[in-house]
Amino acid sequence: MTEPSLVSQGLELMVFGMGVVFVFLTMLVFVTTFMSKLVNKLAPEPEVVAAPAPAASAPGVDPQLLKVLSAAVKEHRARQK
């Protein structure tokens with residue numbers, strides 16, 4: 001038979017298709033990396049100043065509510081053991 005078989009044509013097409021996809025994805029990675037570096041160089045993000053840490057107890061929190069919640073948590077943990 002001088003004609004290539006259907007299986008060999010299928011394998012050739014598969015290898016060609018996988019090669020095209022591999023090359024495209026490799027180019028996509030490089031282009032995306034380049035664009036990311038370019039954007040960071042042209043328009044860097046402004047530095048964010050850290051806000052001061054909030055106080056341990058907010059002024060609007062009821063102390064009795066905190067006691068009730070802590071007692072509920074203790075009881076829940078005791079039941080889990």
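Everything below is about the structure shown above.
What counts as what
Residues numbered from 1 in each chain as written. Predicted model: local features only at pLDDT ≥ 70, side-chain atom pairs only at ≥ 80, totals over all residues. Heavy atoms only, no water. Helix = DSSP H or I, 4+ residues; strand = E, 2+ residues; numbered from the N terminus. Buried < 20%, exposed > 50% of the residue type's maximum accessible area, 1.4 Å probe, protein only. Patch = residues over 30% accessible without salt bridge, like charges linked within 9 Å, V, L, I, M, F, W, Y side chains within 5 Å. Areas by Shrake-Rupley, 256 points an atom, 1.4 Å probe, with all protein chains shown as cover. Salt bridge = Lys/Arg side-chain N within 4 Å of Asp/Glu carboxyl O.

Whenever I open this one, the overall build of the protein confuses me. Can you help?
Scanning the protein from terminus to terminus reveals two helices and zero strands. When burial is assessed residue by residue, the protein has 0% of its 81 residues classed as buried.

Even after reading the chapter, I still don't get a nonpolar patch on the surface, so can you show me in this structure?
A cluster of nonpolar side chains, namely V7, L11, M14, V15 and M18, defines an oily patch on the protein surface of about 520 Å² accessible area. For L11, the position within the fold is in helix α1 (residues 6-42). For L11, a relative accessible area of 48% translates into the label partly exposed.

Teacher, can you tell me more about the pattern of salt bridges here?
Side chains that differ in charge, positive against negative, can pair when their charged atoms come close. Summed over the entire model, instances satisfying the criterion amount to one salt bridge. With its nearest N and O atoms 2.8 Å apart, the salt bridge here joins E75 to R79. Of the two residues, E75 and R79 are both situated in helix α2 (residues 63-80); the distance of four residues between them amounts to about one turn of the helix. Look at E75 and you get partly exposed, because its relative accessible area is 45%.

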